[in-house]
Amino acid sequence: MKQSLLVGLLLSLALPLCAQKKNLSYSFYGQVRGDLYLDSRSSQEIVDGLFFLYPKDHAYDADGNDLNASPSGSFYLLYSRLGLDVKGPQIGTAKSSLKLEVDFRGSSTNWAVLRIRHAYANLDWGKSAVLIGQTWHPLFGEVSPQMLNLSTGAPFQPFNRSPQVRYRYQHKGWQLTAAALWQLQYLSTGPNGKSEEYIKNSCVPEFYFGIDRKEAGWQVGAAVDVLSIVPRKQNVVEGKIFKVSERVTGVSGELHAKYQDKDWFIAAKTLYATNLAHTCMLGGYGVTAIDSRTGEQDYAPFHHATAWLNVVYGKKWKPGLFVGYLKNLGANTPLVGGSYGVGLEVDQLFTTNWQLSYNLPHWKLGVEYAPSLAWFGTIDEADGGRIRSNHHVTNHRAVATMIYLF
């Protein structure tokens, strides 16, 4: 039913366009994509293994066997997609456009159903532009890895599409970006797991501010991101309900650079990431104080340092290398209670990704091999949530991808 409704929506958009060709131009695009993958070890992932994050820690049975030391793999076409681009009409001095794009990723445990990837309208005055709708989070940005793995560099690189209002100004090679963002498909974590309620209860959107310089194939830039969420609005103590006032705020910063010409693609990014679990990165927050009467809690966000480098060469045959590193820096404040987040028990993570693709008009065939090492330990609450790592695990991941683009 959901699929037929969305297909009907696409058709309802297309039919009026056919009758208004004088003011509107449109084009359909899309891809059929198949992904075959194999992991040597159970891993923390999204989309039933297609979106790899890091290998899981040891988990021993009664005989001392590691339950996570077992391979898994499958083949999916969930990321096949269909999109519609529309241009015009002119609104005052602004050029108007819109994009609507869907795939078969679904959500939660509902696979193989249509899902909105992009849905936005844009007004462009030349030097400045305003976008309203859902598209890539600015932290994903214009500098992101070129790779076959659907994680596209996560958890070293933010991966997220969010509802937003974005303003962008460009002049003489300089680009300024400011955005207010909300959450819908990519969610923060908290006492009730991953949920939209934390930013909804905050009544404050996530804010992003970035500056870039573009010149002769180069792009360099920096950005700051601020996320403030409310984990709870009430608490129960001995059967009594208390209204509580809780909030956790994190500030993240990033630097990025990219060079691209007809043969080479070289890109790098480093982040000081604070509670960015909603961007498919590792992160979260811990409890630093608890009111003995109401149970109201104070929180401190965890901080992670990440960096990645990606080099790709060629046109038809394109070999490439991706290297990513992550370090858990803790919460910088002593913890007294639980913590909420993704991968907070991971101290360090290191991944390399070797790829080779064969590219023709409308076709791409490729393979990747990606060993990934994760160091685990215990959270030292007295030392601000830092990890005392004492062992590591390794996963070997192989991916084969076929894409037909139109």
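Residues numbered from 1 in each chain as written. Predicted model: local features only at pLDDT ≥ 70, side-chain atom pairs only at ≥ 80, totals over all residues. Heavy atoms only, no water.

Engineer: So what about the overall build of the chain? Which residues, and what values?
Structural biologist: Assigned secondary structure in the chain consists of two helices and 24 strands. Taken across its 406 residues, the chain has 48% of its residues classed as buried. Sequence-distant contacts in the chain: of pairs separated by 6 or more residues, those separated by 24 or more amount to 64%. When the accessible surface of the chain is split by element, carbon and sulfur atoms take 61% of a total near 19,000 Å². (Helix = DSSP H or I, 4+ residues; strand = E, 2+ residues; numbered from the N terminus. Buried < 20%, exposed > 50% of the residue type's maximum accessible area, 1.4 Å probe, protein only. Contact = heavy atoms within 4.5 Å. Areas by Shrake-Rupley, 256 points an atom, 1.4 Å probe, with all protein chains shown as cover.)

Engineer: Lay out the pattern of salt bridges in plain terms, naming residues and giving numbers.
Structural biologist: Side-chain pairs of opposite charge can arise whenever the charged atoms involved come near each other. On inspection of all chains with the given rule, the structure shows 16 salt bridges. One salt bridge in this structure joins Asp-263 and Lys-262, with 3.0 Å as the shortest N-O distance. Lys-262 gets classed as exposed once you look at its relative accessible area, which sits at 62%. Asp-383 is the salt-bridge partner of Arg-386, the closest N and O atoms lying 3.8 Å from each other. Arg-386 sits in the partly exposed class, given a relative accessible area of 31%. The class for Asp-383 is partly exposed, based on a relative accessible area of 27%. In the salt-bridge network here, residues are joined through shared partners; they are Glu-101, Asp-103, Arg-115 and Arg-117. (Salt bridge = Lys/Arg side-chain N within 4 Å of Asp/Glu carboxyl O.)

Engineer: Go over the packing of aromatic side chains with me, naming the residues and quoting the values.
Structural biologist: Counting across every chain of the model gives 15 aromatic pairs. When the ring of Trp-136 is compared with that of Phe-140, the centres are 3.9 Å apart and the planes differ by 10°; the resulting orientation is stacked. For Phe-140, a relative accessible area of 7% puts it in the buried group. Centroid distance Tyr-285 to Tyr-340: 5.7 Å. Interplanar angle 55°. Geometry classified as tilted. Linking Tyr-285 in strand E17 (residues 283-290) with Tyr-340 in strand E21 (residues 339-342), this pair joins segments that are 55 residues apart in sequence. By relative accessible area, Tyr-285 is classed as buried at 0%. Each member of the aromatic cluster is reached from another via a ring pair, and the members are Phe-51, Trp-136, Phe-140, Phe-159 and Tyr-186. Over the face of the ring belonging to Trp-136 we find Arg-161, whose NZ or CZ atom lies 4.8 Å from the ring centre. (Phe/Tyr/Trp six-rings, centres within 6.5 Å; stacked < 30°, edge-to-face > 60°. Lys NZ or Arg CZ within 6 Å of the ring centre and 35° of its normal.)

Engineer: Account for a nonpolar patch on the surface, with residues named and values stated.
Structural biologist: A cluster of nonpolar side chains, contributed by Phe-28, Val-32, Leu-36, Phe-75, Leu-77, Leu-82, Leu-360, Trp-363, Leu-365, Tyr-404 and Phe-406, occupies part of the molecular surface with about 980 Å² of accessible area. Among the secondary structure elements, those contributing two or more residues to the nonpolar patch are strand E1 (25-39) and strand E23 (363-380). Residue contributions to the nonpolar patch peak at three residues, all from E1. On the secondary structure map, Leu-365 appears in strand E23. (Patch = residues over 30% accessible without salt bridge, like charges linked within 9 Å, V, L, I, M, F, W, Y side chains within 5 Å.)

Engineer: Run through the nonpolar core, naming residues and quoting values.
Structural biologist: Ranked by size, the top nonpolar core spans 33 residues in total, and within it Leu-50, Phe-51, Tyr-54, Phe-159 and Leu-349 carry the most contacts. Counting only elements with at least two residues in this core, the list comes to strand E3 (51-55), strand E16 (264-274), strand E19 (303-313), strand E20 (317-330), strand E22 (346-360), E23 and strand E24 (386-405). Take this core: its biggest share by element is three residues, from E3. Apart from the residues within four sequence positions on either side, Phe-51 is in contact with Glu-45, Ile-46, Leu-150, Ser-151, Ala-154, Phe-159 and Cys-280. Within the second largest apolar cluster, nine residues are counted, among which are Leu-139, Leu-271, Ala-273 and Met-281. (Core = buried A, V, L, I, M, F, W, Y, C linked by side-chain atoms within 4.5 Å.)

Engineer: Explain the confidence of the model for the chain to me, using residue names and the numbers behind them.
Structural biologist: Averaged over all residues, the pLDDT of the chain equals 92, while 93% of them reach at least 70. Note on residues 1-7: pLDDT is under 50 here. Beyond four places in sequence and across chains, it has six contacts. (pLDDT = per-residue confidence, 0-100.)

Engineer: Provide a residue-level description of the pairing of strand E8 (residues 128-136), including the pertinent values.
Structural biologist: Strand direction decides the pairing type here: strand E7 (residues 115-124) and E8, joined by six bridges, are antiparallel. The partner of Leu-123 across the bridge, within E8, is Val-130. In textbook terms, the turn of a hairpin is the stretch between consecutive antiparallel strands, and for E7 and E8 this stretch comprises three residues, one of which, Gly-126, has a positive phi near 105°. Where E8 lies against strand E9 (residues 161-171), nine bridges are found, and the strand directions are antiparallel. Bridge pairing in E9 places Gln-134 opposite Pro-163. (Pairing = 2+ DSSP bridges.)

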